[in-house]
Amino acid sequence: MFDNPDGTVSCSTCGLNLDKQGMIITRSGLQTPASADQGIHRAHIGKLPERGIAIYIGQATEPIVVAGRDRITLGRRRDVPVPELVDLTAYDAYRMGVSRNHAVLTYKDKNLYIHDVGSVNGTWLNGQRLKSYELYAIQPGAVVSLGQLPIYVYF
């Protein structure tokens, strides 16, 4: 048996959801980009700056558009400002298990990568849990889950 830290929403070992009493519940399946309703994710088309990224959160029809930077941190507001932070606080990020510094998007060799930066509740890419601090290539339309918060990444 493994004890998870207080406040976690998913098992640190296997990634299954935990209810409020710490019991494991079934993780809802994330859609893959091929089956996702990409019809709602079209607002960014023709509007992205060079190396820009459009991030749709949950069922939002309007994305957060981030101008081309080498590094973008996904997380929640911090007491100390982080210039490259995309603040997901307004999207119920705390309740959904998003850490203050949860994951980082990085441009490298003309490709976009993501890595989890040791978040408590984990990061998933197209339904697969990521190992912390390992780079994973992202394709446009990738489904990323930060804890239980799904986002869709286009570039």
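Just so you know, these numbers come straight off a predicted model, no measurement behind them.

Rules of the game
- Residues numbered from 1 in each chain as written.
- Predicted model: local features only at pLDDT ≥ 70, side-chain atom pairs only at ≥ 80, totals over all residues.
- Heavy atoms only, no water.
- Helix = DSSP H or I, 4+ residues; strand = E, 2+ residues; numbered from the N terminus.
- Buried < 20%, exposed > 50% of the residue type's maximum accessible area, 1.4 Å probe, protein only.
- Contact = heavy atoms within 4.5 Å.
- Pairing = 2+ DSSP bridges.
- Polar contact = N/O pair within 3.5 Å; in protein donor to acceptor, adjacent residues only side chain to side chain.
- Salt bridge = Lys/Arg side-chain N within 4 Å of Asp/Glu carboxyl O.

Draft legend 1. The arrangement of the overall build of the protein in detail. Within the protein one finds 0 helices and 13 strands. Ordered by position from N to C terminus, the α and β elements of the protein give β-β-β-β-β-β-β-β-β-β-β-β-β. By the burial criterion, 45% of the 155 residues in the protein qualify as buried. For the protein, the share of sequence-separated contacts (at least 6 apart) that also reach a separation of at least 24 residues comes to 40%.

Draft legend 2. Structural context of the pairing of strand β12 (residues 142–146). Burial runs high along β12: 5 of the 5 residues are buried. Here β12 shows a buried face lined by Ala142, Val144 and Leu146 and a second buried face lined by Val143 and Ser145. By the bridge criterion, 3 bridges tie strand β9 (residues 123–125) to β12 in an arrangement that is antiparallel. Along β12, the bridge assignment pairs Leu125 with Val144.

Draft legend 3. Main features of the environment of Tyr133. Following the sequence through the fold, Tyr133 ends up in the loop between β10 (128–129) and β11 (136–137). Relative accessible area serves as the criterion here: at 57%, Tyr133 is assigned to the exposed category. A sequence separation of 15 residues divides Tyr133 from Gly118, and the C-alpha atoms of the two residues are 7.0 Å apart. With residues near it in sequence (within four places) discarded, Tyr133 still touches His115, Asp116, Val117 and Gly118. In this structure the side chain of Tyr133 is engaged in a polar contact, spanning 3.0 Å, whose partner is the backbone oxygen of Val117.

Draft legend 4. Broad picture of the pattern of salt bridges. For the structure shown, the criterion picks out 4 salt bridges. The shortest N-O distance in the salt bridge between Arg51 and Asp70 comes to 2.6 Å. Of this pair, Arg51 sits in the loop between β2 (24–25) and β3 (53–57) while Asp70 sits in the loop between β4 (64–66) and β5 (71–75); the two residues are 19 residues apart in sequence, bridging distant segments of the chain. For Arg51, a relative accessible area of 36% translates into the label partly exposed.

Draft legend 5. Focus on the sheet that holds strand β6 (residues 85–87). Ordered in space as β6-β5-β7-β8-β11, the 5 strands form an open sheet in which the pairing is mixed. Since the sheet does not close on itself, it has two edges, and those belong to β6 and β11, each with one partner. In this structure, β5 lies alongside strand β7 (residues 101–108), joined through 5 bridges in antiparallel fashion. Bridging across to β7, Arg71 finds its partner in Thr106.

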